[in-house]
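Listed below are the residues making up each chain.
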Amino acid sequence: MYNEIQRLKNETDAVLLAHYYVDKEVQKVSDYVGDSYYLAKIAKEIPQKTILFSGVYFMGESAKILNPEKTVLLPELSADCPMAHMARTEKIQQMRAEIDDLAVVCYINSTAALKANCDVCVTSSNAKTIIQNLPHKNIFFIPDVHLGRYIASLVPEKKFYFNDGFCPVHQRITASQVAIARKEHPFAPVLAHPECDFSVLQSADYVGSTSGIIAYASSCDSQEIIIATEVGVLYELEKRNPHKKFFAVTSEQICNDMKKITLDKVISTLKTKTNQIEISEDLRKKALIPLNRMLELAAKPTL
Ligand code: 13P
Ligand code: SF4
């Protein structure tokens, strides 16, 4: 099977990108696996003409926006992040009309239409740096209320306005479930993704993106670690740390959309070159502005 994938990749000049939340069998065959910021950056840097993106729609769409000359394939086009739709352009326009000195900051988990109406995109690994680097005093953060609240707590010098979007997978994790997990594993620190509710984040020992969680877990001395994010990260965590034990807070930390990406679909998509991401040139150009701004501002040192 690995040989077949290699042959298909050579034939189509393709590279396989995957997010940490997809099935481990898909992560194993992928060339680059990472968090959403890393994947957006790497998509711009790689030379291959075809990108097969194992992730949800907004991730493949962002790769296409950044690389219009490339063919971007998504093994399952219905793999869609529900939070990406949880904001309205009318509300953005209303906020712009009502509030002076406002930057509309868009979590990358959003549709191209939402991105097109925003000033800058962010991911959980660069949101703090980017917002600190913005000249604006006021920030309207969409779509995720939890990431927005968390970043607001780190950047108290700015005034934040929140939207009511959320990730159903992370919002499901509660502070009382975290407390139970701590009782079961009293020496284990809790590492949480900032899409969790603020009460979970306040009780966590570390808060960060999927890459941040993996880096922290790999460098800390603890031999047992509690994870408050999607269980797909366990593959990389266990691979890098074979002697450590990882526990999810609950058995429900599963993103069904990410799990729609199966190894069979990866192979058949490579063979048929179907499931291409398409976007109108007008929308692409508008959505490119905040994505490029993200790449530019994330590289700047924090003010
Ligand atoms: P990361 O940016 O940490 O990879 O998160 C993406 C995501 O969808 C989290 O739910
Ligand atoms: Fe979207 Fe949540 Fe799935 Fe991430 S885990 S892709 S935010 S539904």
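Anything mentioned here points back to the structure above.
Per chain, the residues get numbers from 1 upward, laid out in the order the sequence is written. For this description, chains carry letters from A and ligands carry numbers from 1, given in the order in which they are written. Local features in a predicted model are, by the rule used here, given only for residues with pLDDT of at least 70; side-chain atom pairs are given and counted only at 80 or more, and totals for whole chains, interfaces and linings are based on all residues. Just so you know, side-chain values use all the structure's heavy atoms and leave hydrogens and water out.

**Q** Describe in detail the overall build of the protein, supporting the description with residues and values.
**A** Each helix is a run of H or I in the DSSP string that is no shorter than four residues. Each strand is a run of E no shorter than two, and both are numbered from the N terminus. Looking only at helices and strands, one finds 15 helices and twelve strands in the protein. Scored against the burial criterion, the 303 residues of the protein give a buried share of 56%. It only takes one pair of heavy atoms within 4.5 Å for two residues to be counted as in contact. A sequence separation of at least 24 residues applies to 62% of the contacts in the protein between residues at least 6 apart. Carbon and sulfur atoms provide 51% of the accessible area of the protein, an area that totals close to 12,900 Å². Positive charges come from Lys and Arg, negative ones from Asp and Glu, while His and the chain ends are left out of the count. To locate a charge, the coordinates of NZ of Lys, CZ of Arg, CG of Asp or CD of Glu are taken. Charge centroids of the protein, computed over 35 positive and 36 negative side chains, lie 2 Å from each other. Buried, partly exposed and exposed residues are distinguished by accessible area as a fraction of the type maximum, computed with a 1.4 Å probe on protein chains only: under 20%, between the cut-offs, and over 50%, respectively. Throughout, the Shrake-Rupley method with a 1.4 Å probe supplies accessible areas, and for residues the shown protein chains are the sole cover considered.

**Q** Can you explain the nonpolar core? Please cite residues and give values.
**A** Most often, soluble globular proteins keep nonpolar side chains buried together rather than apart. In this text, buried Ala, Val, Leu, Ile, Met, Phe, Trp, Tyr and Cys residues form a nonpolar core when linked through side-chain atoms within 4.5 Å. Core analysis: the biggest nonpolar cluster contains 108 residues, and Leu17, Val105, Ile131, Ile227 and Met294 have the highest contact counts within it. At seven residues, helix α15 (residues 281-298) tops the list of elements feeding residues into this core. Ignoring sequence-local partners within four residues, the contact set of isoleucine 131 consists of Val105, Ile139, Phe141, Ile151, Val155, Lys158 and Phe160.

**Q** If you had to explain the site of ligand 2 to someone new, which residues and values would you point to?
**A** Throughout, near means a residue has at least one heavy atom within 4 Å of the molecule or strand. Neighbouring residues of ligand 2: Tyr21, Val56, Cys81, Pro82, Met83, Asn109, Cys167, His170, Glu195, Cys255 and Met258. Of all the cavities here, the one that holds ligand 2 is the largest pocket. Partitioned by chemical class, the residues of the shell around ligand 2 number eight nonpolar, two polar and one charged. In this analysis the probe radius is 1.4 Å and the grid spacing 1 Å, with only protein atoms considered; a cavity is a set of points the probe fits into but cannot get out of, a pocket is an open set with protein on both sides within 12 Å along at least five of seven lines, and lining residues have an atom within 4 Å of a point. Assignment to a cavity or pocket requires that more than half of a molecule's atoms be within 2 Å of the site's grid points. Ten residue types, Ala, Val, Leu, Ile, Met, Phe, Trp, Tyr, Cys and Pro, are classed as nonpolar, four, Asp, Glu, Lys and Arg, as charged, and the remainder, Gly among them, as polar.

**Q** Please provide a residue-by-residue account of the site of ligand 1, values included.
**A** Around ligand 1, the neighbouring residues are His19, Tyr21, Asp35, Ser36, Asn109, Ser124, His170, His193, Glu195, Ser209 and Thr210. What qualifies as a polar contact is a pair of N or O atoms within 3.5 Å, subject to a donor-acceptor requirement within protein and to the restriction that residues adjacent in sequence count only when both atoms come from side chains. In the model, an oxygen atom of ligand 1 is placed 2.6 Å from a nitrogen or oxygen of the histidine 19 side chain. A distance of 2.7 Å separates an oxygen atom of ligand 1 from a polar atom in the side chain of glutamate 195. Here ligand 1 loses 96% of its free accessible area of 300 Å² to cover by the protein chains.

**Q** Could you give an account of the layout of surface pockets, with specific residues and numbers?
**A** Taken as a whole, the largest pocket holds about 310 Å³ of empty space. Along its surface, the largest pocket is lined by 30 residues, and Tyr21, Asn109, Cys167, Glu195 and Cys255 are the ones closest to its centre. Here the element with the most residues in the lining of the largest pocket is helix α9 (residues 168-171); it accounts for three residues. Taken together, the residues that form the lining of the largest pocket break down as 14 nonpolar, eleven polar and five charged. Grid points are joined across faces, edges and corners, and a volume is the space filled by probe spheres set on the points.

**Q** Can you tell me about the packing of aromatic side chains, naming the residues and giving the values?
**A** For Phe, Tyr and Trp, rings pair up if their centres lie within 6.5 Å, where Trp contributes its six-membered ring, and each pair is then called stacked (planes under 30 degrees apart), edge-to-face (over 60) or tilted (otherwise). In total, this model carries two aromatic pairs according to the counting rule given. When the centroid spacing of 6.1 Å and the interplanar angle of 20 degrees are considered together, the rings of phenylalanine 160 and phenylalanine 162 count as stacked. We classify phenylalanine 160 as buried; its relative accessible area is 9%. On the basis of relative accessible area, phenylalanine 162 is assigned to the partly exposed category, the value being 31%. Geometrically, the ring pair formed by tyrosine 206 and tyrosine 216 is stacked, given 4.5 Å between the ring centres and 20 degrees between the ring planes. Of this pair, tyrosine 206 sits in strand β10 (residues 206-207) while tyrosine 216 sits in helix α12 (residues 210-219); the two residues are ten residues apart in sequence, bridging distant segments of the chain. Comment: the charge-over-ring label is applied if NZ (Lys) or CZ (Arg) is within 6 Å of the ring centre and within 35 degrees of the ring normal. Seen from the ring of phenylalanine 162, arginine 149 lies directly overhead, with NZ or CZ sitting 5.5 Å from the centre. Against the face of tyrosine 161 rests lysine 159, its NZ or CZ located 4.8 Å from the ring centre.

**Q** Break down the sheet that holds strand β6 (residues 120-122) for me, citing the residues and quoting the values.
**A** Strand pairs in the sheet, formed through backbone hydrogen bonds, run parallel or antiparallel to each other. At least two DSSP bridges between two strands are needed for those strands to be called paired. Spatially, β6-β5-β7-β8 is the arrangement adopted by the four strands of the open sheet, whose pairing is parallel. With one partner strand each, in any of the chains shown, β6 and β8 (159-162) form the two edges of the open sheet. Taking each pair of neighbouring strands and ignoring which way they run, the sheet shows an average axis angle of 30 degrees. In terms of strand pairing, strand β5 (residues 102-107) meets strand β7 (residues 138-142) through five bridges, oriented parallel. Note on β7: the bridge partner recorded for leucine 102 is asparagine 138. Angles shown run from 0 to 180 degrees and are taken between the N-to-C directions of axes, each axis being a line fitted to C-alpha atoms and, for helices, limited to the stretch in contact. The strands that helix α8 (residues 145-154) touches are β5, β7 and β8; relative to β8, the one it contacts most, it runs at about 170 degrees.

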